[in-house]
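Descriptive structure summary
This is what each chain is made of:
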Amino acid sequence: MSKIKIAELFYSIQGEGRYMGVPSVFLRTFGCNFKCAGFGMPRGELSEEAINIDPSKYTDYKMLPLVSTGCDSYASWDPRFKDLSPMLTSDAIADRICEIIPHSEWKDEHLVITGGEPLLGWQRAYPDLLDHPKMQGLKEITFETNGTQKLTPEFASYLHTWKSHHDKDFWREITFSVSAKLPCSGEKWEDAICPEIVVEYEDYGTVYLKFVIATEQDFKDAECAIGAYRAAGFTGHVYLMPVGGVESVYALNNRTVADLAMKNGLRYSDRLQVPLFKNEWGT
Ligand code: SF4
């Protein structure tokens, strides 16, 4: 039976993107190929907020401090926190999901497989989990990815079986929510903007791009990136989302980003988890 290293598994409301407002199970896998230490920092500077957290003081993921700069899910990939993320079998994950969703079975809930970066090595484990008898009622799945990882031929072929089913009992809607990282993340453009990879996702599900915006320069970078994705053949929707893992930062620029989205005919994504739940762990 396959195992996945799970940083968090919780039930909440999806706060971002296409499924904003939909009750969702979040499966946060451990591991990421980026650090994104530039979020919330002056351009060119990297946050040390998470680096300064002493892992030895925490035995429970939920007790970890929230950060206002850098990646807000730092403990899902920083190896110093890896012991807080257990390796769980598909059985254990499916059992836990049935414990946290209402009625103990899938109804209208949606599954978000997030990270870290969920399309790293865990692609090999998802079929076992998604085919589990307790996951049969699940109809909608989103992979929240940074859009840098190719689908393996095995996983692509597995996803294709869902896309090609016309029997409503076997139908599943697959979405790739691609949060492509602009230079404000601190990651290099050539590593983070991978249009050819993202265009391939469109063969297996609905794909949209989501850019985190804090400044006018971020929007200029997003326009450049959108041009590169379109040139490669990307056809999906594009969302702009305000920066801000904490309310004080989010509230500073949500209206500005909404105005930018309207002015440019792009979609606006909120971060409902910030005003609703203060972006606490498990929300
Ligand atoms: S890609 Fe996402 S999870 Fe990975 S470091 Fe960046 S913000 Fe964090």
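What this report covers is the structure whose coordinates are included nearby.

Criteria and cut-off values
- Residues numbered from 1 in each chain as written.
- Predicted model: local features only at pLDDT ≥ 70, side-chain atom pairs only at ≥ 80, totals over all residues.
- Heavy atoms only, no water.
- Helix = DSSP H or I, 4+ residues; strand = E, 2+ residues; numbered from the N terminus.
- Rg over C-alpha atoms; globule rule 2.2 N^0.38 Å.
- Contact = heavy atoms within 4.5 Å.
- Areas by Shrake-Rupley, 256 points an atom, 1.4 Å probe, with all protein chains shown as cover.
- Lys, Arg positive; Asp, Glu negative; His and termini not counted.
- Charge placed at Lys NZ, Arg CZ, Asp CG, Glu CD.
- Salt bridge = Lys/Arg side-chain N within 4 Å of Asp/Glu carboxyl O.
- Buried < 20%, exposed > 50% of the residue type's maximum accessible area, 1.4 Å probe, protein only.
- Pairing = 2+ DSSP bridges.
- Axes fitted to C-alpha atoms, helices over the stretch in contact; angles between N-to-C directions.
- Phe/Tyr/Trp six-rings, centres within 6.5 Å; stacked < 30°, edge-to-face > 60°.
- Core = buried A, V, L, I, M, F, W, Y, C linked by side-chain atoms within 4.5 Å.
- Polar contact = N/O pair within 3.5 Å; in protein donor to acceptor, adjacent residues only side chain to side chain.

Secondary structure assignment for the chain yields eight helices and nine strands. Taken against the 2.2 N^0.38 rule, which gives 19 Å for 283 residues, the C-alpha radius of gyration of the chain at 18 Å falls within 12% of a compact globule. When the backbone C-alpha atoms are referred to their principal axes, the chain occupies close to 50 × 50 × 30 Å. Taking contacts inside the chain between residues at least 6 apart in sequence as the whole, the part at least 24 apart equals 78%. Summing over all exposed atoms, the chain offers an accessible surface of approximately 12,900 Å²; the carbon and sulfur share of this is 54%. Considering the chain, the positive charge centre built from 29 side chains and the negative charge centre built from 40 side chains are found 1 Å apart.

Inspection of the entire model under this criterion finds 12 salt bridges. Lys-150 is the partner of Glu-200 in a salt bridge, and the nearest nitrogen-oxygen pair spans 3.2 Å. Of this pair, Glu-200 sits in helix H5 (residues 195-201) while Lys-150 sits in the loop between strand S5 (140-145) and helix H3 (153-164), and the two are 50 residues apart along the sequence. The partly exposed category is assigned to Glu-200, whose relative accessible area is 35%. Relative accessible area serves as the criterion here: at 49%, Lys-150 is assigned to the partly exposed category. Across the pair Asp-259 and Arg-255 runs a salt bridge, and its minimum N-O distance is 3.0 Å. Placement of the pair is Asp-259 and Arg-255 together in helix H7 (residues 247-263), with a separation of four residues, close to one helical turn. Of the residues examined, Asp-259 reaches a relative accessible area of 31% and is grouped as partly exposed. Ionic contacts of the salt-bridge type, sharing partners, join the residues Arg-43, Asp-218 and Asp-221 into one network.

Residues Ser-90, Ile-93, Ala-94, Ile-97, Cys-98 and Ile-100 constitute the buried set of helix H1 (residues 90-100). Considering only its buried residues, H1 is in contact with strand S1 (3-13), strand S2 (23-29), strand S3 (87-89) and helix H2 (126-130).

This part covers the sheet that holds strand S8 (residues 238-242). A sheet is described by the order of its strands in space; here nine strands give the open sequence S3-S1-S2-S4-S5-S6-S7-S8-S9, paired in mixed fashion. Both edges of this open sheet fall to S3 and strand S9 (267-268), since each of them pairs with a single strand only. Lying over the sheet, H1 contacts S1, S2 and S3, oriented at roughly 10° with respect to S1. Along the sheet face, helix H6 (residues 216-231) touches strand S7 (206-213) and S8 and points at about 160° away from the line of S7.

Let's shift gears to the packing of aromatic side chains. According to the stated counting rule, one finds 10 aromatic pairs in the structure shown. Look at Phe-10 and Phe-26: their rings are 5.0 Å apart centre to centre, the planes differ by 10°, and that puts the pair in the stacked class. Highlighted residues: Phe-10 in strand S1 and Phe-26 in strand S2, separated in sequence by 16 residues. Residues Phe-10 and Phe-26 agree in their burial class; the two are buried. With a centroid separation of 4.7 Å and 20° between ring planes, the pair formed by Phe-176 and Tyr-201 is classed as stacked. Here Phe-176, found in strand S6 (residues 173-178), pairs with Tyr-201, found in helix H5; they are 25 residues apart in sequence, far enough to count as distant.

Here we come to the nonpolar core. Formed by 76 residues in total, the largest nonpolar core has its most connected members in Leu-111, Phe-143, Phe-176 and Phe-211. With near-sequence residues (within four places) excluded, Leu-111 lies in contact with Val-25, Leu-27, Trp-106, Leu-130, Met-135, Leu-138, Glu-140, Ile-141 and Thr-142.

Our focus in this paragraph is the environment of Gly-38. Inspection of the secondary structure assignment puts Gly-38 in the loop between S2 and S3. When the C-alpha positions of Gly-38 and Glu-187 are compared, they lie 7.7 Å apart, and in sequence the two are 149 residues distant.

Our next topic: the side chain of Asp-218. Within the fold, Asp-218 resides in helix H6. Engagement of the side chain of Asp-218 in a polar contact is seen with the backbone nitrogen of Ala-214, the distance being 2.7 Å. Leaving out residues up to four positions away in the same chain, Asp-218 has contacts with Arg-43, Leu-182, Cys-184, Val-212 and Ile-213.

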